[in-house]
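Chain by chain, the residues:
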Amino acid sequence: MIVGELVAAAERLLGSKHGRLGASALRVALVDLYEFWLGKGAAAAGIGTEHSSVALVAVGGLGRKELVPYSDLDLVLVHAGKSGATEINDIADALWYPLWDARVGLDHSVRTPAEALSVARDDLRTALGLLDARHIAGDAELAADLARSAREQWQRTARKRLGELGESVRERWRRTGEIGQSAEPDLKHAGGGLRDLGLLNALSAAQLIDRPGEELRQAKRLLLDVRTELRLELRRDRDVLGVAQADKIAGNLGFDDRFVLARELSAAGRAVRFAVDVALRSTADGPKRAFGLRPSRKPLDEGVVQHGSEVALAKGAMPAKDPALLLRVAAAAARTGRPIAYSALRTLADSAPELRAPWPADARQELTVLLGAGDGLIDAVEALDNTGLWARLFPEWGAVRDLPPREPVHRWTVDRHLVQACVEAASLVTMVSRPDLLVLGALLHDIGKGRDTDHSVLGAKIAAEVGRRVGLAEPDVALITAMVRHHLLLPHTALRRDISEPETVQRVVSTIDGDPVLLELLHALAKADSLATGPGVWTEWKAGLIDELVSRCREVMRGNGFIRPEPLDAGQRALAEAAKASAKTEVLVTSEGNVATIAIAVPPGLELLAPAAGALALQSLEVHEATLHIHAGVWVGVFSASPRFGRPPDPALLREKVGRAVNEQVPLADKLASKERDYGDQPVAPAVPKALWFDDETQGADTVLLELRAGDRIGLLYRVAEALRSCDAEVRWARVSTLGASCVDSFALRPRGGRADVEWRRGVEKAVVAAAQGDS
């Protein structure tokens, strides 16, 4: 295959070159090789020899001399119209067919300069493409004439096409997302990607904006280098940087790891995206001014106006003498959903002073308005952040800016997640008595990330400093500090512990010092945090568990005590009695929405947890919670599960499959391994399993809590249950929490016929970790 051979030849030319220099040199080598090969093909087709007034012109990556491996070629066969149609068709066939035979991806056309310019007048993509036109072979003067004419036509018509251009760009952004703050960015098409850099060059060619500066040139080189290495790694044309390739690519380019690379990419993408946004807005007013129309001005706040479609500074506004003006501008932009004029951002960046601590009450009030504005907050913060103004308000922000998430369940970078959490919290302010603290806590809850320490502990210290700086009273500083310190308390307790135990509820109440205001703030923050993490993180099941935990905490805090709920409902108790009477396994399946509850009662002598968990996994169900109880002398297991995709299976089928697995006690490991292979369910970078013991979080002297943190996989609960059985560990209850490609599973264990001594624990821990690794 010619493409692979050319790439391999380019790699051989580089020899020992590595890193950023190597990626750049490879592109140069590829361009030279393709030009040589195309030149030979053009000569064989008679271009420049038998046929004059004909030229082969490259556009796209080859035209810009930015060709990356395995790229398609964009070629134009230009002719002066002096030859007959048959002759031109013969030349084209002689040129294109060898490329097709070599399986080169090809976007081609045959046109006179006049025809090419005519198409460009009607087709924006063609107009932009011709700006990169470059002579490859044949009549150089003809090629230069086309390139010059295309550029002149673009300069005459570009301003009229800005509306169409802006609409196409924003539609592309909606489809592909943004490079900045994305976990798996599209290097070419996403907002802030290479297509946007091409757009900036086009606007510059039309003399509508200045040429991109050094920051954007560095961003372009980084994007091209990563795209080059990605194509080399995959040996095909792909532009989405996946986690599976990121570590190797980062190493090839000289970065410490994929997280460092991701941070650099995010910063580069945001700079490009912001530049495009400013360019489109700044050029949009040109046609109005050309007709003598001046944008209207409408007051929005003290010193703030709406100027046309943007938020701007009022005439006479003096940022140097008005420290709160920056916050009023940002709040007005967020509240109205309108962008801040770039001229206003420059003026504020040049002259707005830092607010002295403690902030005055009016500045603190504007901060609350800004953080509680909802969706408009995102663009407002992005504008301030790209001009250094957000860091002027929150110097601590630099530690999390563009910081990639360590957990794959997170959709955004840490800074974008914090802003999104504020957006989500803004819709929950009626849940709490202190909405101002809710939105500020949402902004700060992960501010401690990015350092080698517990981010909740460090974040609490930072939150206290921020609280005092913005002028909160000491009781409020204590509240915001506790919010950040304990922002994971409710979800971790609800998803990893048995909330039916009074000790669990009392531990939560004691942790928050029985403060009902803090409890409601943590409740709302748990929801905002989950919603801002990614799709599917906040579920009805999770919400129900947290609601139940909060309700029980409130009962204890009111002094009403806590009554342990009946572990089995009437139907489940009847199921146990039926199993006792028949001496057979009985199964009851009920569904509510997408969550199925499976109750299983087994006669003595049959294992329950492992076969039931295996059967549910084979039906593509993920278990969220499993509890085991004794009623009427038989074991009853209650499982809460939801499908990995689609709807739950038919209840009758599920009853039959689970009942057979428990009755027959057939090993299911091989079937689960086969299913895992079929679904390709192995994690890309499996987490190293870790087992932790918690002696004080269960009821009963011989019952201990084991928490397993591991990479998720099909049938993990089955494997762990089998491992526990092999260690004579009786499972009293289990709580399963799946977080993207990871999980945190908790098991209340009691040794059968012994004590939970050190030797027994070591055996359990070794078996469980091995099972999580797939070694059992």
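Relevant structure appears above.
So, how was this worked out
- Residues numbered from 1 in each chain as written.
- Predicted model: local features only at pLDDT ≥ 70, side-chain atom pairs only at ≥ 80, totals over all residues.
- Heavy atoms only, no water.
- Axes fitted to C-alpha atoms, helices over the stretch in contact; angles between N-to-C directions.
- Helix = DSSP H or I, 4+ residues; strand = E, 2+ residues; numbered from the N terminus.
- Parallel < 35°, antiparallel > 145°, perpendicular 65-115°, else oblique.
- Left-handed = near helix turned anticlockwise from the far one by under 90°.
- Contact = heavy atoms within 4.5 Å.
- Nonpolar A, V, L, I, M, F, W, Y, C, P; charged D, E, K, R; others polar.
- Pairing = 2+ DSSP bridges.
- Phe/Tyr/Trp six-rings, centres within 6.5 Å; stacked < 30°, edge-to-face > 60°.
- Buried < 20%, exposed > 50% of the residue type's maximum accessible area, 1.4 Å probe, protein only.
- Lys NZ or Arg CZ within 6 Å of the ring centre and 35° of its normal.
- Expected span 1.5 Å × (residues − 1).
- Arc of directions from axis to C-beta.
- Polar contact = N/O pair within 3.5 Å; in protein donor to acceptor, adjacent residues only side chain to side chain.
- Core = buried A, V, L, I, M, F, W, Y, C linked by side-chain atoms within 4.5 Å.

Chemist: Go over the packing of helix α5 (residues 113–122) against helix α7 (residues 140–157) with me, naming the residues and quoting the values.
Modeler: If you want to describe how two helices pack, look at the angle between their axes and the distance between the axes. It is at 10 Å that the axes of α5 and α7 come closest, and there the two elements cross at 25 degrees. Between α5 and α7, the crossing angle belongs to the class labelled roughly parallel. Once α5 is placed against α7, the crossing between them reads as right-handed. Residues Pro113, Ala116, Leu117, Ala120 and Arg121 of α5 form the contact with α7, whose participating residues are Leu142, Asp145, Leu146, Ser149, Ala150 and Gln153. Here the contact of α5 with α7 is composed, by residue class, of seven nonpolar, two polar and two charged.

Chemist: Let's hear about the sheet that holds strand β3 (residues 106–111): which residues, and what values?
Modeler: Pairing is mixed in the open sheet, where four strands are placed in the order β3-β2-β1-β4. Here the strands that pair on one side only, and so sit at the sheet edges, are β3 and β4 (134–138). When strand polarity is set aside, the average angle formed by the axes of neighbouring strands in this sheet is 25 degrees. Where strand β2 (residues 73–79) and β3 come together, six bridges link them in parallel fashion. Across the sheet, residue Val76 finds its bridge partner in β3, namely Ser109. The strands that α7 touches are β1 (54–59), β2 and β4; relative to β1, the one it contacts most, it runs at about 45 degrees.

Chemist: Quick rundown of the packing of aromatic side chains? Include the residues and the values.
Modeler: For the structure shown, the criterion picks out seven aromatic pairs. Ring plane angle 65 degrees and centroid distance 6.2 Å describe the contact between Tyr34 and Trp37, whose orientation is recorded as edge-to-face. On the criterion of helical spacing, the pair formed by Tyr34 and Trp37 is a turn pair, its members being three residues apart in helix α2 (residues 19–44). Between the aromatic rings of Trp390 and Trp397, the centroid separation amounts to 5.8 Å while the plane-to-plane angle is 85 degrees, which identifies the pairing as edge-to-face. The pair Trp390 / Trp397 is uniform in exposure class, with both members buried. Among the aromatic residues, those joined into a cluster by ring pairs are Trp359, Trp390, Phe394 and Trp397. A cation sits over an aromatic face here: Arg406 above Phe259, 3.7 Å from the ring centre.

Chemist: Outline the sheet that holds strand β6 (residues 304–307), supporting the account with residue identities and numerical values.
Modeler: Across the sheet, three strands lie side by side as β5-β6-β7; this open sheet has antiparallel pairing. If you trace the sheet from one side to the other, it starts and ends with β5 (297–301) and β7 (310–313), each paired once. Across the sheet, the mean angle separating the axes of adjacent strands is 40 degrees when strand polarity is ignored. One ladder, built from four bridges, connects β5 with β6; its direction is antiparallel.

Chemist: Requested: an account of α7, with residues and values cited.
Modeler: Between its first and last C-alpha, α7 extends 26 Å over 18 residues, near the 26 Å set by a 1.5 Å rise per residue. By the burial criterion, the buried members of α7 are Leu142, Ala143, Leu146, Ser149, Ala150, Gln153 and Trp154. In an axial view of α7, the angular spread of the buried residues amounts to 135 degrees, which keeps them on one side of the axis. In α7, the exposed residues that point more than 90 degrees away from the buried face are Glu141 and Arg156. Those residues of α7 that are buried are in contact with β1, β2, α5, α6 (124–130), β4 and α9 (194–205). The N-capping residue of α7, defined by a side-chain oxygen 3.1 Å from the backbone nitrogen of Glu141, is Asp139.

Chemist: Please set out the environment of Ala246 residue by residue, giving values where relevant.
Modeler: Among the secondary structure elements, Ala246 is positioned in helix α11 (residues 243–252). Since its relative accessible area comes to 8%, Ala246 is described here as buried. The spacing of Ala246 and Glu229 is 17 residues in sequence and 9.7 Å in space, taken between C-alpha atoms.

Chemist: Please provide a residue-by-residue account of the nonpolar core, values included.
Modeler: Residues Leu370, Leu371, Leu384, Trp390, Leu393, Trp397 and Leu438 are the most contacted members of the largest nonpolar core, which totals 99 residues. Those residues in contact with Leu393, other than ones at most four positions away along the chain, are Leu326, Leu327, Leu355, Trp359, Leu384 and Arg469. Among the nonpolar cores identified, the runner-up in size contains 60 residues, and Ala55, Val57, Leu197 and Leu208 belong to it.

Chemist: Provide a residue-level description of the pairing of strand β11 (residues 634–643), including the pertinent values.
Modeler: Among the 10 residues of β11, nine are classified as buried, and the element is accordingly described as predominantly covered. Relative to β11, strand β9 (residues 595–602) runs antiparallel, the two sharing seven bridges. Residue pairing across strands places Ala599 opposite Val638, the latter belonging to β11. As paired elements, strand β10 (residues 621–631) and β11 share 10 bridges and run antiparallel to each other.

Chemist: Please set out helix α19 (residues 414–426) residue by residue, giving values where relevant.
Modeler: Since one α-helical turn is 3.6 residues long, residues separated by three or four positions face the same way. Helix length check: α19, at 13 residues, gives a terminal C-alpha distance of 19 Å against a target of 18 Å (1.5 Å per residue), a fit within 8%. Of all 13 residues in α19, 13 are buried, a share of seventy percent or more.

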